[in-house]
Amino acid sequence: MSTTGRRRPPTIHDVAREAGVSRGTVSRVLNGGHHVSPASADAVNAAIRKTGYVVNRHARSLITGRSDSVAFLLTEPQERFFEDPNFNVLLRGCTQALAAHDIPLLLVIAGTEAERRRISRYITAGHVDGVLLVSSHSGNPMAERLVKARIPVVACGKPLGQGARIAYVAADDRDGAREMVRHLAASGRRRIATVTGPPDTPGGVERLAGYRETLAEAGLPADERLVAEGDYSRAGGERAMAELLERAPDVDAVFVASDLMAQGALTALERAGRRVPEDVAVGGFDDSPAALGTRPPLTTIRQPWDRISTEMVRVLLGRIAGEDPSAVILPTELVRRDSA
């Protein structure tokens, strides 16, 4: 007991004494358990729990040259993080997946060029071991800067224009769009419109391609008046749906490339006096919390967010360990509700 009455925090020596092993054995367990017998590893972990030992990450980083932390880098304006529920779901999943490895996750938002320059300096200075890159638009310099700096990175969604240089994990956007449009066509809809994502994002490109391919398969004419561009926001979906109704008032179905935009589309349809699904069927994409907050509940394409976050973490840890970039594409699922 010190003169201040405070108890001295346990050290690695206390853990070694409690476990009956050497300090080096404890160190090897803390750094991945290589060349340690299962019995010794169990003894060390039990001693850590009993003593309440907490790793001094700063001291360990001086030895290993690693920060033992990962950045969740969102390249969108800050308000998008609070509006779009997909980002929160993905952040929570990645945090949980990294917690299993005792690695903290730092949320970093870089929606402007000034923020991107500042964050680039922070990341390349070694404050994180790797980056989970979310919502990367083509032409966004962050991906290129991370590659040039040799920072391990995994993108959520296929990064446009980066080829095989960046590892990524993505839902099968094109197949999901195809499944939704097939569903709308099978219900007898013949004037099927779409509200796309931004054309500089993988979801915007792939979901539009799936829409067009399935219209052709169903023998439905391609009509560019039935295509309106959105921006993955609620306001963008409302604006795009209003444009569609003005250009093609006979539209009887719409595939909206995100649930949040579908919320806006439903608002525009209600304002125009169109019943859903009687007059216009509406399908979304994501199966985010936004899909359950609509009236009627939204038929949508489910992205496997838990698997996406788990795979992003797995691939990133592999990249940090020196593995080559890889790609993981996960299947989607049609979720039928009342809107279509």
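Residues numbered from 1 in each chain as written. Predicted model: local features only at pLDDT ≥ 70, side-chain atom pairs only at ≥ 80, totals over all residues. Heavy atoms only, no water.

1. Some details on the overall build of the protein chain
Move 1: A count of helical and extended segments in the protein chain gives 14 helices and 12 strands.
Move 2: Each principal axis of the C-alpha distribution contributes one length, and for the protein chain these read about 80 × 40 × 40 Å.
Move 3: Relative to its 340 residues, the protein chain shows a buried fraction of 52%.
Move 4: Within the protein chain, residue pairs in contact and separated by at least 24 positions form 71% of the contacts whose partners lie at least 6 positions apart.
Move 5: For the protein chain, the accessible surface area stands at approximately 16,300 Å², while carbon and sulfur atoms represent 51% of it.
Move 6: Distance from the positive charge centre (44 side chains) to the negative charge centre (42 side chains) of the protein chain: 7 Å. (Helix = DSSP H or I, 4+ residues; strand = E, 2+ residues; numbered from the N terminus. Buried < 20%, exposed > 50% of the residue type's maximum accessible area, 1.4 Å probe, protein only. Contact = heavy atoms within 4.5 Å. Areas by Shrake-Rupley, 256 points an atom, 1.4 Å probe, with all protein chains shown as cover. Lys, Arg positive; Asp, Glu negative; His and termini not counted. Charge placed at Lys NZ, Arg CZ, Asp CG, Glu CD.)

2. Considering helix α12 (residues 259-271)
Move 1: Here α12 spans 19 Å end to end across 13 residues, near enough to the 18 Å set by a 1.5 Å rise per residue.
Move 2: Of all 13 residues making up α12, 10 are buried, and the element is well covered by its neighbours.
Move 3: Along α12, the positions that sit buried rather than exposed are Asp259, Leu260, Met261, Ala262, Gln263, Gly264, Ala265, Leu266, Ala268 and Leu269.
Move 4: Count one or two residues on from α12 and you reach Gly273, which has phi positive near 80°. (Expected span 1.5 Å × (residues − 1).)

3. Considerations on the nonpolar core
Move 1: Ranked by size, the top nonpolar core spans 42 residues in total, and within it Ile192, Tyr211, Met241, Val254, Phe255, Val256 and Val282 carry the most contacts.
Move 2: Contributions of two or more residues to this core are made by α9 (173-186), β6 (192-196), α10 (202-217), β7 (227-229), α11 (234-247), β8 (253-256), α12 and β9 (281-283).
Move 3: Examining the composition of this core, we find that six residues originate from one element, α12, more than from any other.
Move 4: Setting aside chain neighbours within four positions, we find Tyr211 in contact with Ala177, Val181, Ile192, Ala193, Thr194, Leu226, Val227 and Phe255.
Move 5: Residues Val89, Val134, Met312 and Leu316 belong to the second largest nonpolar core, which totals 29 residues. (Core = buried A, V, L, I, M, F, W, Y, C linked by side-chain atoms within 4.5 Å.)

4. Comments concerning the environment of Arg190
Move 1: Of note, Arg190 is situated in the loop between α9 and β6.
Move 2: Note: C-alpha distance between Arg190 and Val251 (61 residues apart in sequence) is 8.1 Å.
Move 3: Ignoring anything within four residues of it in the chain, the contact list for Arg190 reads Ala185, Leu220 and Asp252.
Move 4: A distance of 3.2 Å separates a polar side-chain atom of Arg190 from the backbone oxygen of Ala185. (Polar contact = N/O pair within 3.5 Å; in protein donor to acceptor, adjacent residues only side chain to side chain.)

5. Examining helix α7 (residues 113-127)
Move 1: Here α7 contains 15 residues, and its C-alpha end-to-end distance of 20 Å stays within 8% of the 21 Å for a straight helix at 1.5 Å per residue.
Move 2: By the burial criterion, the buried members of α7 are Glu115, Arg116, Ile119, Ser120 and Ile123. One face of α7 carries all of its buried residues, which in axial projection span an arc of 135°. Turned more than 90 degrees away from the buried face of α7, the exposed residues are Arg121 and Ala125.
Move 3: The secondary structure elements touched by the buried residues of α7 are β1 (70-74), α5 (78-83), β2 (105-109), β3 (130-134) and α8 (141-148). (Arc of directions from axis to C-beta.)

6. Description of the sheet that holds strand β4 (residues 153-156)
Move 1: Taken together, six strands build an open sheet; the order of strands is β2-β1-β3-β4-β5-β11 and the sheet is parallel. Either end of the sheet is taken by a strand with one partner, and the two such strands are β2 and β11 (327-330). Taken over all neighbouring pairs, the strand axes of this sheet differ in orientation by 20° on average, direction set aside. (Pairing = 2+ DSSP bridges. Axes fitted to C-alpha atoms, helices over the stretch in contact; angles between N-to-C directions.)

7. With respect to the environment of Val153
Move 1: As for its position among the elements, Val153 is in strand β4.
Move 2: Given a relative accessible area of 4%, Val153 falls into the buried group.
Move 3: It is 9.5 Å that separates the C-alpha atoms of Val153 and Ala71, two residues lying 82 residues apart in sequence.
Move 4: What Val153 contacts, discounting residues up to four positions off in sequence, is Val131, Leu133, Leu146, Ile166, Ala167, Leu316 and Arg319.

8. Quick notes on the environment of Asp252
Move 1: For Asp252, the position within the fold is in the loop between α11 and β8.
Move 2: Sequence-wise, Asp252 and Arg274 are 22 residues apart; in three dimensions their C-alpha atoms are separated by 9.6 Å.
Move 3: Excluding residues within four positions of it along the chain, Asp252 makes contact with Gly188, Arg189, Arg190, Arg191, Ile192, Asp279, Val280 and Ala281.

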